[in-house]
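Summary of structural features
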Amino acid sequence: MEHAHHDASKYYVPHGTNWPIVGSVALFCLVGGAANWLNGHPWGKFVSLLGLFLLLFMMWGWFGQVIRESIAGFYNRQVDTSFRMGMIWFIFSEVMFFAAFFGALFYARTLVVPWLGGAGDGAMNQVLWPGYDATWPTNGPGNVGGAFETVPAWGIPLLNTLLLLSSGVTITIAHHALRAGQRGRLLLFLFLTILLGFTFLGFQAYEYMAAYNHHNLTLASGVYGSTFFMLTGFHGMHVTLGAIMLSVIWFRCLKGHFSKEHHFGFEAVAWYWHFVDVVWLGLFLFVYVL
Amino acid sequence: MALQKLLIVVVFLAVVYNLGAALYYMMSDKGQSDRTVNSLTWRIGLSVGLILVICLMIWLGLINPHGIVVGH
């Protein structure tokens, strides 16, 4: 394989790797453990934590391997194209993922809840829940999870929106700096982006604690509680992943891995950060404001 | 109320459009042009503008975010 990278017509065939199976086991433990933890099995916590450490181990190993191969010049134009195709499919799956959860929110909010409240021919209201007065947000006619309050948009959600938008501004400045070849500015504004990202996560954790302890808004608070925590929770996981990837990219910038013309790693992660930012904007608009 | 909400949704769609355009330019230009970063600049500029307008609308009482309600 040593000579293959000089020939643009030959495809670089990677050696065998164990990282995909390590990643699969890690995700299985992380999510399976978390699901059991939420359902009251104490061992779930440990399985979930094991999954998290395995996942971080995989990121360290897999990222490192790809970076070393890239620096060694193994990747020709065909590999470059396949990286970009990989990014496209990854984003497609991400869009579908969030579309499903936003879809669930819209379906519940604009169709199911009004039906239960007597919209249409009123049959569902009369047969299933007579006297149910449909409002949004709601935990449904069964009052699942007990009375709750929503988190007011004017407080931490707005602050978090401003934090994420600021991080969008700083990463755009970093992006312009990279294109202009201004290394110092690139490193500074990329660092600020990471800092803003982790600050957002801190406030989000605080908001969750307030929701559970003061508003009685939990994952079990009917359809509003479950859609609220699924959407904001998965978004938070994406911010976490984005911040980790930005940190890796920061060290790569420090080591001078990117140039004005060759910086797909930077551009893909920067775009991902913008994507996560837009998802939040949608969340803020449709969950908190509109 | 409907008009304010329509305005918010239209600007949000413009944000999504610019994000999509940036993805397209990232794939087609392969880092050789400024089209990606320019689209992303539009997308963040519009987003910041949108949030500022929303803050102003809430401030002026033109839209009402979800109040503290619920649990019948």
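Structure's up top.
All of the points below concern the structure found in this document. Just so you know, these numbers come straight off a predicted model, no measurement behind them.

1. Thoughts on helix 1 (residues 2–29) of chain B
Its 28 residues give helix 1 of chain B an end-to-end C-alpha distance of 40 Å, which sits within 8% of 40 Å, the value for a rise of 1.5 Å per residue. Buried within helix 1 of chain B are the following residues: B:Gln4, B:Ile8, B:Phe12, B:Val15, B:Asn18, B:Leu19, B:Ala21, B:Ala22, B:Leu23, B:Met26, B:Met27 and B:Asp29. Those residues of helix 1 of chain B that are buried are in contact with helix 3 (77–116) and helix 8 (264–289) of chain A together with helix 2 (35–60) of chain B.

2. Quick notes on the interface of chain A and chain B
How big an interface is tends to be reported as the loss of accessible area on association of its parts. Listed by partner, the interface residues are 52 residues for chain A and 41 residues for chain B. Counting the surface chain A buries against chain B, the share from its top three residues, A:Trp154, A:Trp271 and A:Leu290, is 16%. Its salt-bridge partner being A:Asp277, residue B:Arg43 comes within 2.6 Å of it at the nearest N-O pair. Our enumeration of links across chain A and chain B arrives at 8 residue pairs in polar contact (both at pLDDT 80 or more). Looking at the side of chain A that touches chain B, the elements that each hand over two or more residues are helix 3, helix 5 (156–180) and helix 8 of chain A.

3. Quick notes on the environment of A:Leu231
Residue and element names in this part refer to chain A. Counting through the fold element by element, Leu 231 comes out in helix 7 (residues 222–254). Judged by relative accessible area, Leu 231 falls into the buried class, the value being 1%. With 91 residues separating them in the primary sequence, Leu 231 and Gly 140 have C-alpha atoms 18 Å apart. Those residues in contact with Leu 231 that lie beyond four places of it in its chain are Phe 98, Phe 101, Phe 102, Leu 105, Leu 283 and Val 287.

4. What about a nonpolar patch on the surface?
Residue and element names in this part refer to chain A. A cluster of nonpolar side chains, contributed by Tyr 107, Leu 111, Trp 115, Met 124, Val 127, Leu 128 and Trp 129, occupies part of the molecular surface with about 670 Å² of accessible area. Counting residues per element, the ones that place at least two in the nonpolar patch are helix 3 and helix 4 (123–127). Relative to the assigned elements, Tyr 107 resides in helix 3. Looking at Tyr 107, the relative accessible area reads 45%, which means it is partly exposed.

Cut-offs used in this document
Numbering of residues starts from 1 in every chain and runs along the sequence as written. Each chain is given a letter, starting from A, and each ligand a number, starting from 1, according to the order in which they appear as written. This being a predicted model, a pLDDT of at least 70 is required before a residue's local features are given, and a value of 80 or more before pairs of side-chain atoms are given or counted; all residues contribute to the totals for chains, interfaces and linings. Water and hydrogen atoms were dropped before computing side-chain values, which therefore reflect all heavy atoms in the structure. What counts as a helix is a DSSP run of H or I of at least four residues, what counts as a strand is a run of E of at least two, and both are numbered from the N terminus. Expected span, for any helix, means 1.5 Å times one less than how many residues it has. For the exposure calls, accessible area comes from a 1.4 Å probe over protein chains only, and a residue counts as buried if that area is under 20% of its type's maximum, exposed if over 50%, partly exposed in between. When checking whether two residues touch, look at their non-hydrogen atoms; a contact exists if any pair is within 4.5 Å. What counts as buried area is the accessible surface, traced by a 1.4 Å probe, that two parts surrender upon association, with contributions from both included. A side-chain nitrogen of Lys or Arg and a carboxyl oxygen of Asp or Glu constitute a salt bridge if their distance falls within 4 Å. Polar contact is the term for a pair of N or O atoms within 3.5 Å; when the atoms are in protein, one must be able to donate a hydrogen and the other to accept it, and sequence-neighboring residues count only if both atoms are side-chain atoms. Patch members must show over 30% relative accessible area and no salt bridge, and they are joined within 9 Å when carrying like charges or within 5 Å when they are nonpolar side chains of Val, Leu, Ile, Met, Phe, Trp or Tyr. The accessible surface values rely on the Shrake-Rupley method and a 1.4 Å probe; as for residues, cover is taken only from the protein chains in view.

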